[in-house]
Amino acid sequence: MDRLKNVLAAMLLGVLPTGAMAQEAAGQPAKNPAESPTPEAKPDDAKRQALIDSLRALRREPEKVPFHSAMCYDMTMPPESVSYVCEACSGTTELSYRGLGELSREVPYLKRSLADLPVNVHLDASPLCSKCGAGKTPGIELTTECGECGKSFTWTVSTADEKDRLRLLFVAHPITSFDAGPRGMGDDGPDPKRVIENAEYIASRLFCEDCRKKLGLTGPAK
Amino acid sequence: MIPSVPRTAVLELTFRCNHRCVFCSVPWDNPDGRYERQPELSASDWITCIDTLVGHGVTGFALSGGEPFLKEGFDDIVRHLRRVRVRKPVFGPSGTLLGQEEAPPYVTLITNGGLVTPERVESVRELLGAVVVSLPGLDTYAEHTGGGDREKALAALRAFDVAGVPTVVGICVTQRNLPELFETIATGFLNGGRQLLLNRFLPGGRGTGRQDLCLDRSQLSQMLRTAETVCLEAGRYGSIGTELPRCLVEERYDRLTVGTRCAGGVDFFAIDPAGRVRPCNHSPVHLGVWHDLPAAISTPYWQRFQTKNFLPSSCRGCGHTLTCDAGCREAAHIASGSLDAPDPLLLQV
């Protein structure tokens, strides 16, 4: 835990090791094809070039073809809705995929991964249930036992942006890099401001407010 | 508890196929013979099955096989799908459920294209949201398909494209066709393919034991880079049809969707020609029959997909467990005997 605190503090001071910054966008864009050798260059370069010219003539504004199939990935055609089955009451709630439905898909992933965090975090998905979640902010409720004092505090993940940031909590400790994922986190590269924002996010989910102040884990950027 | 039913059903309409693809993953073609072929559902059975699935909340169908055009009564099934209306929830701007509306199902056809005729295109044109035509190579096409004719596949792409059906070029990538992947994708696009679907070869079905066809890590990277390059040149998008272990995806791709999570048993499931259900088309085991789908989904095996309880022990504590299912779980099952075994890619030194 001390190492985690120290690394977070260093990040918030903007002194993240160079290597870590460089890896924030671990998924760097693939090289421009014009600059990189064709992976499996064939002897008949002229033939290949003719093919490329034909493809370029074909080029148009890309379209995406949505289709169902037996596919196992970020789908080209996600469902419009998700039936969320509540563990508490067994009731089913229809959720729009573009919102809480997509969020509900995080529940099993979080359940299997929370034990990997360096502090205790407990999950309550009942706010996703139309019956059990009445009166609560719709989303996934998480309760952290502060990594310093043990005091519990609760926070809710209710938007796609918050969902995407959750993975920041699961980087291996001590933190030496932020993993951008297959799609990266944007095109602005290793932005020190964002590194600090990310560090502050991690600190805010693992330590209570009082301890963050005490430990110097609050940064200038929100 | 009522299990959550995936929204998409892959209907493997028939065992019959005009090709003998070396990479075909259907379990009934596994040389070990443990997945028994039983009498096929009739077209009438499939129609009843479709209605039952719609009642369970299924909204999309992928018609597969075997080769779906070989199914007796295929036209009857198509006609029924054109009449069917699925129930789709309607949500307000804030995500509040307002009610339900009826809509046509979304239907995708998966074909090798060898039996496509103008009449068949016309018969399915209005039904289909998309068609995936398999093109596993150019010079290696016959070798991969057991004697198929690549020109027929290309003609099918052109015919569907001209008919206005969104076309997807489906390529199973093996060690044998990787060297001509650039040309294969390009030729697919130049013949009307609007999008790319790549699948890395996985052990299973007829390909069980064909380690010589599996890509290694460096070939996987080569596959991804090649596909990205062609898609950029042609102004097209592509996707990788089998999830990859996150630790092996080293680059970011602008035109390729590279997934690291498994949707088997959650977003889709498969029904074999005899009506037996599996969480994934790669699954080597069936868990029940279509008319008792909830029971099949409730089995511990299927629930491992829904609860994501199938990570290899070697992946525990990895920083990617929130976003990665460690590759294909069924390929791991087939290659190593259990759902929580390492993906075959991770077994390579």
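On a predicted model such as this, the values are computed, not experimentally measured, just so you know. (Residues numbered from 1 in each chain as written. Chains lettered and ligands numbered in written order. Predicted model: local features only at pLDDT ≥ 70, side-chain atom pairs only at ≥ 80, totals over all residues.)

Caption draft 1: Region of interest: the overall build of chain A. For chain A, the count of helices and strands is 8 helices and 6 strands. For chain A, the succession of helices and strands along the chain, N to C, is α-α-β-α-β-β-α-α-β-β-β-α-α-α. Expressed as a percentage of the 222 residues in chain A, the buried residues total 34%. Considering only intrachain contacts with a sequence separation of at least 6, the fraction spanning at least 24 residues in chain A is 57%. (Helix = DSSP H or I, 4+ residues; strand = E, 2+ residues; numbered from the N terminus. Buried ≥ 20, exposed ≤ 12 C-beta atoms within 10 Å, placed from the backbone. Contact = placed C-beta atoms within 7 Å.)

Caption draft 2: Spotlight on the packing of helix α3 (residues 45-58) of chain A against helix α7 (residues 217-234) of chain B. The geometry of α3 of chain A relative to α7 of chain B is characterised by a closest axis approach of 6 Å and an angle of 50° between their N-to-C directions. Considering their axes alone, α3 of chain A and α7 of chain B lie oblique with respect to each other. Listed contacts from α7 of chain B to Ile52, Leu55, Arg56 and Leu58 of chain A of α3 of chain A are Val230, Glu233 and Ala234 of chain B. (Axes fitted to C-alpha atoms, helices over the stretch in contact; angles between N-to-C directions. Parallel < 35°, antiparallel > 145°, perpendicular 65-115°, else oblique.)

Caption draft 3: A look at the packing of helix α6 (residues 181-190) of chain B against α7 of chain B. Residues and elements named next belong to chain B. Where α6 meets α7, the closest approach of the two axes is 9 Å, and the angle between their N-to-C directions is 35°. α6 and α7 meet at a crossing whose hand is right-handed. Along the contact surface, α6 presents Leu181, Phe182, Ile185, Ala186 and Phe189, while α7 presents Met223, Thr226, Ala227, Val230 and Ala234. Classifying every residue of the contact of α6 with α7 by side-chain character gives 9 nonpolar, 1 polar and no charged. (Left-handed = near helix turned anticlockwise from the far one by under 90°. Nonpolar A, V, L, I, M, F, W, Y, C, P; charged D, E, K, R; others polar.)

Caption draft 4: Spatial organisation of the environment of alanine 155 of chain B. Residue position: alanine 155 of chain B is located in helix α5 (residues 150-162). Sequence separation of alanine 155 of chain B and glutamine 219 of chain B is 64 residues, and the distance between their C-alpha atoms is 29 Å.

Caption draft 5: Broad picture of the sheet that holds strand β1 (residues 8-12) of chain B. All names here are of chain B. Spatial strand order, β11-β9-β8-β7-β6-β5-β2-β1-β12-β13: 10 strands in an open sheet with mixed pairing. Of all the strands in the sheet, just β11 (256-257) and β13 (277-278) have a single pairing partner and so form its edges. Lying on the sheet, α6 is in contact with β7 (167-173) and β8 (195-200); it crosses β7 at an angle near 165°. Contacts between α7 and the sheet are confined to β7, β8, β9 (237-240) and β11, with β8 contributing the most and set at about 175° to the helix. (Pairing = 2+ DSSP bridges.)

Caption draft 6: Spotlight on the environment of glycine 60 of chain B. Residue placement: glycine 60 of chain B occurs in strand β2 (residues 60-64). The spatial distance from the C-alpha of glycine 60 of chain B to the C-alpha of cysteine 172 of chain B is 23 Å, given a sequence separation of 112 residues.

Caption draft 7: Expanded view of the nonpolar core. Residue and element names in this part refer to chain B. In terms of nonpolar packing, the biggest core is built from 104 residues, with Leu11, Val131, Val169, Val173, Ile185, Met223 and Ala227 touching the most fellow members. For this core, the element with the most residues is α7, which contributes 8 residues. Setting aside its immediate chain neighbours within four residues, alanine 227 contacts Ile185, Leu196, Leu198, Gly238 and Leu256. (Core = buried A, V, L, I, M, F, W, Y, C linked by C-beta atoms within 7 Å.)

Caption draft 8: Just the sheet that holds strand β5 (residues 140-145) of chain A, in detail. Residue and element names in this part refer to chain A. With antiparallel pairing, 3 strands are arranged side by side in an open sheet as β4-β5-β6. The open sheet has two free edges, formed respectively by β4 (121-124) and β6 (152-157), since each of these has just one partner strand. Strand-to-strand twist across the sheet, computed as the mean angle between neighbouring axes with direction ignored, equals 25°. As paired strands, β5 and β6 are joined by 6 bridges and run antiparallel to one another.

Caption draft 9: Representation of the confidence of the model for chain A. Residues and elements named next belong to chain A. Chain-level statistics for chain A give a pLDDT mean of 75 and a share of 63% at 70 or above. Between residues 15-41, whose pLDDT stays under 50, and residues either more than four places distant or in other chains, the model counts 58 contacts. Low pLDDT, under 50, characterises residues 71-75; the predicted model gives this stretch 23 contacts beyond four residues in sequence or across chains. (pLDDT = per-residue confidence, 0-100.)

Caption draft 10: Local environment of α5 of chain B. Residues and elements named next belong to chain B. For α5, built from 13 residues, the straight-helix expectation of 18 Å at 1.5 Å per residue is met to within 8% by its first-to-last C-alpha distance of 18 Å. Looking at α5, one finds that the buried residues are Arg150, Ala153, Leu154, Ala156, Leu157, Ala159 and Phe160. Buried residues belonging to α5 abut β5 (106-111), α3 (118-125), β6 (128-134), α4 (141-145), β7 and α6. At the exit of α5 stands glycine 164, carrying a positive phi of roughly 90°. (Expected span 1.5 Å × (residues − 1).)

Caption draft 11: Seen up close, helix α1 (residues 43-55) of chain B. All names here are of chain B. If you check α1, its first and last C-alpha atoms are 19 Å apart, about what 13 residues at 1.5 Å a residue would give, namely 18 Å. Along α1, the positions that sit buried rather than exposed are Trp46, Cys49, Ile50 and Leu53. Buried residues of α1 fall within an arc of 105° about the axis and therefore sit on the same side. Across α1 from its buried face, at more than 90 degrees, point the exposed residues Ser44, Asp51 and Gly55. Those residues of α1 that are buried are in contact with β1, α2 (74-83) and β12 (268-271). (Arc of directions from axis to C-beta.)

Caption draft 12: Representation of the confidence of the model for chain B. For chain B, the average pLDDT comes to 94, and 99% of its residues sit at 70 or higher. Two summary scores accompany this predicted model of the complex, namely pTM at 0.87 and ipTM at 0.91.

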